[in-house]
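If you want the building blocks of each chain, they are given just below.
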Amino acid sequence: MFTIEHDFDATVITLVDEGQHHLEEDVTIQAFAECITIEQLDPRTDTVMKITLSMTQLKELAAALDLPEGVYRLSKP
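This section reports on the structure supplied with the text. (Residues numbered from 1 in each chain as written. Predicted model: local features only at pLDDT ≥ 70, side-chain atom pairs only at ≥ 80, totals over all residues. Heavy atoms only, no water.)

### Some points on the overall build of the protein chain
(1) Moving on: Helix and strand counts for the protein chain come out as one helix and five strands.
(2) Moving on: Beginning at the N terminus, the succession of helices and strands in the protein chain can be written as β-β-β-β-β-α.
(3) Moving on: In terms of overall size, the protein chain is more extended than a compact globule, its C-alpha atoms giving a radius of gyration of 15 Å where 77 residues would be expected to give roughly 11 Å.
(4) Moving on: By its C-alpha atoms, the protein chain is 40 × 35 × 25 Å across when sized along the principal axes.
(5) Moving on: Residue burial in the protein chain is summarised as follows: out of 77 residues, 12% are buried.
(6) Moving on: Long-range contacts, defined here as pairs at least 24 residues apart, represent 0% of the contacts in the protein chain between residues at least 6 apart.
(7) Moving on: For the protein chain, the exposed surface amounts to about 6,700 Å²; the carbon and sulfur share of it is 57%.
(8) Moving on: Side-chain charges of the protein chain comprise 5 positive and 15 negative groups, with the mean position of each set lying 15 Å from the other. (Helix = DSSP H or I, 4+ residues; strand = E, 2+ residues; numbered from the N terminus. Rg over C-alpha atoms; globule rule 2.2 N^0.38 Å. Buried < 20%, exposed > 50% of the residue type's maximum accessible area, 1.4 Å probe, protein only. Contact = heavy atoms within 4.5 Å. Areas by Shrake-Rupley, 256 points an atom, 1.4 Å probe, with all protein chains shown as cover. Lys, Arg positive; Asp, Glu negative; His and termini not counted. Charge placed at Lys NZ, Arg CZ, Asp CG, Glu CD.)

### What about the sheet that holds strand S1 (residues 2-6)?
(1) Moving on: An order of S1-S2-S3-S4-S5 is seen for the five strands of this open sheet, with the pairing classed as antiparallel. The sheet is open, and its two borders are formed by S1 and strand S5 (47-54), each paired with just one other strand. Averaged over neighbouring strand pairs, the angle between their axes works out to 15° when direction is ignored.
(2) Moving on: Two elements, strand S4 (residues 35-42) and S5, share eight bridges in a ladder whose sense is antiparallel. Counted as the bridge partner of Ile36 is Leu53 from S5.
(3) Moving on: Against the sheet, helix H1 (residues 55-64) makes contact with S4 and S5, and its axis sits at roughly 90° relative to S5, the strand it touches most. (Pairing = 2+ DSSP bridges. Axes fitted to C-alpha atoms, helices over the stretch in contact; angles between N-to-C directions.)

### Re the pattern of salt bridges
Any two side chains of opposite charge can pair, so long as their charged atoms come close to each other.
(1) Moving on: Per the stated rule, a full pass over the model turns up two salt bridges.
(2) Moving on: Of the charged contacts, one joins Lys50 and Glu39 as a salt bridge, the two residues approaching to 4.0 Å between their closest N and O atoms. With Lys50 in strand S5 and Glu39 in strand S4, this pair connects stretches of sequence that are eleven residues apart.
(3) Moving on: Between Asp42 and Arg44 there is a salt bridge; the shortest N-O distance is 3.2 Å. (Salt bridge = Lys/Arg side-chain N within 4 Å of Asp/Glu carboxyl O.)

### As for the environment of Glu18
(1) Moving on: Among the structural elements, Glu18 can be located in the loop between strand S2 (11-15) and strand S3 (27-31).
(2) Moving on: On the accessibility criterion, Glu18 (54% relative accessible area) is exposed.
(3) Moving on: In this structure the C-alpha to C-alpha distance between Glu18 and Leu61, which are 43 residues apart in sequence, comes to 24 Å.
(4) Moving on: Sequence-distant contacts of Glu18, that is, excluding residues within four places in its chain, are made with Met1 and Leu23.
(5) Moving on: For Glu18, the side chain forms a polar contact with the main-chain nitrogen of Met1, separated by 3.3 Å. (Polar contact = N/O pair within 3.5 Å; in protein donor to acceptor, adjacent residues only side chain to side chain.)

Right, dumping it as structure tokens:
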């Protein structure tokens, strides 16, 4: 399950793990104009872990999900 909310400066997507075994903590993705952040609670340390990706990194990640093993550079449009 996931939710989408539109805030003033970001779109917030929350992914909820609804599997049957070994459920993971919710993942929150905030999409800003210049970057995205991905956050998830680490239950072992009780701290929120945060990753920030530039828009270029996000585009490369999206492309990488559909490519075989290798080294790639996306061409600029």
